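Spelled out, the chains give:
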Amino acid sequence: MTTKPINPANPTGTVQPTAPSTPLKAPQPPHRHTFEMRFTSTPRGARLARRLAAVRLDGWGIPYGTDAHDAIVLIVAELSANAVQHGHVPGRDFHLRLQAAPDDRTVRVEVTDTRTERHPRRPTAPPDVPDAEEAGRGLLLVSQLATHWDWHPRPDGPGKTVWAEYAFPARTRRRTGEARG
């Protein structure tokens, strides 16, 4: 049996990986501002989605307290709450994606759940009765705040994606110079 001589610089004889000669670059998303995250399909997950969306929008130059910020955050809150309440499948999360268009004219909100058999219905105006139930108005709010909204089957598995786009009015369009993140 032959033995190799022990190298004092590397007594264990292991080989250390070397750094690649060309630095690796992360692929750039097609849109300048995109935020994606999975959340637990619980009320707590829906609240966290709303809060993180609010922080991200502010970082993108859509400041807290503006009509646009409040509207987009409300859209996120309603779609997330619907994913938790109507799209919940035990053990499965929901996915939030926020995307600001490169022209800074729209923000798209997408919420994906894993429930296949329940699809959102177009809202109708609730009866104008003082004792009318407060529940069931989420998509009505979304339809009033968003320029467009709809849903489509989830392409990579069971479920659906409900999306809404908020378009900035021309005079209040956010300025790209204000974006911070």
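Our structure's up above, just so we're on the same page.
Within every chain, residues take consecutive numbers counted from 1 along the sequence as written. With the structure being a predicted model, the display of local features is reserved for residues of pLDDT at least 70 and the display and counting of side-chain atom pairs for 80 or more, all residues being used for whole-chain, interface and lining totals. Processing note: side-chain calculations cover all non-hydrogen atoms of the structure and skip hydrogens and water entirely.

> Hey, could you go over the packing of helix 1 (residues 43-59) against helix 2 (residues 67-86) for me, with residue numbers and the actual values?
Between two packed helices, what matters for the description is the angle formed by their axes and the separation of those axes. To obtain an axis, a line is fitted to C-alpha atoms, over the contacting stretch when the element is a helix, and the angle between two such axes runs from 0 to 180 degrees between their N-to-C directions. What counts as a helix is a DSSP run of H or I of at least four residues, what counts as a strand is a run of E of at least two, and both are numbered from the N terminus. Their axes nearest at 9 Å, the elements helix 1 and helix 2 cross at an angle of 155 degrees. By the angle class used here, helix 1 and helix 2 are roughly antiparallel. In this structure, helix 1 meets helix 2 at a crossing whose hand is right-handed. Judged by residue contacts, Pro-43, Ala-46, Ala-49, Arg-50, Ala-53, Ala-54, Leu-57 and Asp-58 of helix 1 engage His-69, Ile-72, Val-73, Val-76, Ala-77, Ser-80, Ala-81 and Val-84 from helix 2. Asp, Glu, Lys and Arg are counted as charged, while Ala, Val, Leu, Ile, Met, Phe, Trp, Tyr, Cys and Pro are counted as nonpolar; the rest, among them Gly, fall into the polar class. Across the contact of helix 1 with helix 2, the residue classes tally to 12 nonpolar, 2 polar and 2 charged. For classification, angles of less than 35 degrees are called roughly parallel, those exceeding 145 degrees roughly antiparallel, those between 65 and 115 degrees roughly perpendicular, and all remaining angles oblique. Left-handed describes a crossing whose near helix is turned anticlockwise from the far helix by less than a right angle; the clockwise case is right-handed. Every residue pair with non-hydrogen atoms within 4.5 Å of one another is taken to be in contact.

> Tell me about the nonpolar core, and name the residues and values.
By nonpolar core is meant a set of buried Ala, Val, Leu, Ile, Met, Phe, Trp, Tyr and Cys residues that side-chain atoms within 4.5 Å join together. Relative accessibility decides the category of a residue: with a 1.4 Å probe and only protein chains considered, values under 20% of the type maximum give buried, values over 50% give exposed, and everything between is partly exposed. One finds Leu-57, Ile-72, Leu-79, Leu-96, Leu-98, Val-107 and Val-109 to be the most contacted residues of the largest nonpolar core, which totals 33 residues. Secondary structure elements with two or more residues in this core: strand 1 (33-39), helix 1, helix 2, strand 2 (94-100), strand 3 (106-113), helix 3 (138-145) and strand 5 (160-167). A total of 9 residues in this core trace back to one element, the largest contributor, which is helix 2. Apart from residues lying up to four places away in sequence, Ile-72 is in contact with Leu-57, Ile-62, Leu-98, Val-107, Val-109, Tyr-166 and Phe-168.

> Hey, could you go over the environment of Glu-78 for me, with residue numbers and the actual values?
Locating Glu-78 in the fold gives a position in helix 2. For the pair formed by Glu-78 and Leu-141, sequence separation is 63 residues and the distance between their alpha carbons is 8.0 Å. Apart from the residues within four sequence positions on either side, Glu-78 is in contact with Gly-138, Leu-141 and Val-142.

> Give me the lowdown on the pairing of strand 5, citing residues and values where you can.
Counting buried positions along strand 5 yields 6 of 8 residues, so the element is predominantly enclosed. Strands pair, by our definition, only if DSSP identifies at least two bridges between them. Pairing geometry for strand 3 and strand 5, over 8 bridges, is antiparallel. Pairing of Val-107 across the sheet is with Tyr-166, part of strand 5. Of the strand pairs in this sheet, strand 4 (residues 148-153) and strand 5 are connected by 6 bridges, and their pairing is antiparallel. Bridge pairing in strand 5 links His-152 to Thr-161. The antiparallel pairing of strand 4 with strand 5 creates a hairpin that spans 6 residues between the two strands, and Gly-159 there sits at a positive phi of about 120 degrees.

> Any details on the sheet that holds strand 3? Residues and values, ideally.
Sheet architecture is open: 5 strands sit in the order 1-2-3-5-4, paired in antiparallel fashion. Looking along the sheet, the strands with just one partner apiece sit at the ends: strand 1 and strand 4. Looking at each pair of strands side by side, their axes are set apart by 15 degrees on average, direction ignored. Helix 2 rests against strand 2, strand 3 and strand 5 of the sheet, and its axis sits at about 10 degrees to strand 3.

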